Amino acid sequence: MQVDPIHQFQIKNLIPMVDMGGHHIDFTNSALFMFIIVGAVSTLLIGATARHAVVPGRFQSIAEISYEFVANTVRSSAGNEGMKFFPFVFTLFMFVLFANLIGLIPYSFTVTSQLIVTATLALLVFFIVVGYGFWRNGLHFLNLFVPKGVPKLILPAIVVIEVLSFLSRPVSHSVRLFANMLAGHITLQVFAGFIIMLASAGILGWFGAALPFIMVVLLTALELLVAFLQAYVFAILTCIYLNDAIHPGH
């Protein structure tokens, strides 16, 4: 029995929506799971905090810990002025985290394994940083590309490097999340395929399937850690980029 590790990332059209000039716009499995993610996050945060209990329950504690964690991340990376972007950063963090976690459920779909999704989120952060940077600082925002204390002889080269580095941010921001989720899920699927193939070979195959089964368990635990870490990395990079828009001369 062959297992295709790429099949889990296939976009499937579920409901036809609009036909414009020969181009079909359909409701896909990716869109469905995005709605599921938004619903799950909303249910947790709204449902857990609706009672405002003095002694928080399990779900209220999770919601409050998530709130404080992201708030501390924003303050430590972008200062108190960065807290105006807290709702945006918190939304990104919870969306990416739940997308990563839901993607670990068998037969589900990992939206963060799609480059178009991660690139859209990264470009959203990029344009907010550029727009707010110019709105707040005017042309002084360009000081971001002129480091202080650099000798004038090499300053033009440094400016070019800084500009290229800034423009490459959406690429690294999106590819890091996409690549980690893609690679992790492919690895899990490959080892799961080994279990199926060996187990179908009879009694000896059952013993041989023990090793890939252990690897799947260990990799699943690792993927749970990666799911959280990648959400945290995406959020903290967003805070760092926003800090450049708030304090371009630093």
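All values reported here derive from a predicted model rather than from experimental measurement.

Q: Could you give an account of the overall build of the protein chain, with specific residues and numbers?
A: Within the protein chain, the secondary structure is distributed over eight helices and two strands. With the C-alpha coordinates aligned to their principal axes, the bounding extent of the protein chain is approximately 75 × 55 × 45 Å. Here the protein chain holds 250 residues, and the buried ones make up 36% of them. Within the protein chain, contacts between residues at least 6 apart in sequence are counted, and of these 68% link residues at least 24 apart. As presented, the protein chain carries roughly 14500 Å² of accessible surface, and 73% of it is formed by carbon and sulfur atoms.

Q: So what about the environment of Ile154? Which residues, and what values?
A: If you trace the backbone, Ile154 turns up in the loop between α4 (115-137) and α5 (155-167). Measuring from C-alpha to C-alpha, the distance between Ile154 and Asn13 comes to 53 Å, with 141 residues separating the pair along the chain.

Q: Which residues make up the environment of Gly82, and what values do they have?
A: Position of Gly82 relative to the elements: it lies in the loop between α2 (58-78) and α3 (86-102). Setting aside residues no more than four positions away along its own chain, Gly82 makes contact with Val74 and Ile246.

Q: Outline the packing of aromatic side chains, listing residues and values.
A: The final tally for this structure, using the stated rule, is 17 aromatic pairs. Plain terms: the ring middles of Phe69 and Tyr232 are 5.5 Å apart, the flat faces sit at 50° to each other, and that makes the pair tilted. Of the two residues, Phe69 is situated in helix α2 and Tyr232 in helix α8 (residues 210-246); the sequence distance between them amounts to 163 residues. Given a relative accessible area of 29%, Phe69 falls into the partly exposed group. Arranged with centres 5.3 Å apart and planes meeting at 80°, the rings of Phe145 and Phe166 form a pair that is edge-to-face. With a gap of 21 residues between them, Phe145 in the loop between α4 and α5 and Phe166 in helix α5 connect regions that are remote in the sequence. By the burial criterion, Phe145 is buried, and Phe166 matches it. Site record: aromatic cluster; members linked through ring pairs are Phe126, Phe127, Phe134, Phe141, Phe145 and Phe166.

Q: Can you tell me about the side chain of Thr110, naming the residues and giving the values?
A: With respect to the helices and strands, the residue Thr110 is situated in the loop between α3 and α4. Residue classification places Thr110 among the buried positions, given a relative accessible area of 4%. Only 3.0 Å separates the side chain of Thr110 from the side chain of His185, close enough to count as a polar contact. Sequence-distant contacts of Thr110, defined by excluding residues within four places in its chain, comprise Ala99, Gly103, Met181 and His185.

Q: How would you sum up the pattern of salt bridges? Please name residues and give values.
A: Taken as a whole and judged by the stated rule, the model has two salt bridges. Here Glu81 makes a salt bridge to Arg136, at a shortest N to O gap of 2.5 Å. On the criterion of sequence distance, the pair formed by Glu81 in the loop between α2 and α3 and Arg136 in helix α4 is long-range, its members being 55 residues apart. You can call Glu81 partly exposed: its relative accessible area is 35%. One salt bridge connects Arg169 with Asp244, and the closest N-O pair in it is separated by 2.6 Å. Pair noted here: Arg169 is in helix α6 (residues 169-199) and Asp244 is in helix α8, with a separation of 75 residues, a long-range link. Take Asp244: its relative accessible area is 12%, and that puts it in the buried class.

What counts, and where the lines are drawn
- Residues numbered from 1 in each chain as written.
- Predicted model: local features only at pLDDT ≥ 70, side-chain atom pairs only at ≥ 80, totals over all residues.
- Heavy atoms only, no water.
- Helix = DSSP H or I, 4+ residues; strand = E, 2+ residues; numbered from the N terminus.
- Buried < 20%, exposed > 50% of the residue type's maximum accessible area, 1.4 Å probe, protein only.
- Contact = heavy atoms within 4.5 Å.
- Areas by Shrake-Rupley, 256 points an atom, 1.4 Å probe, with all protein chains shown as cover.
- Phe/Tyr/Trp six-rings, centres within 6.5 Å; stacked < 30°, edge-to-face > 60°.
- Polar contact = N/O pair within 3.5 Å; in protein donor to acceptor, adjacent residues only side chain to side chain.
- Salt bridge = Lys/Arg side-chain N within 4 Å of Asp/Glu carboxyl O.

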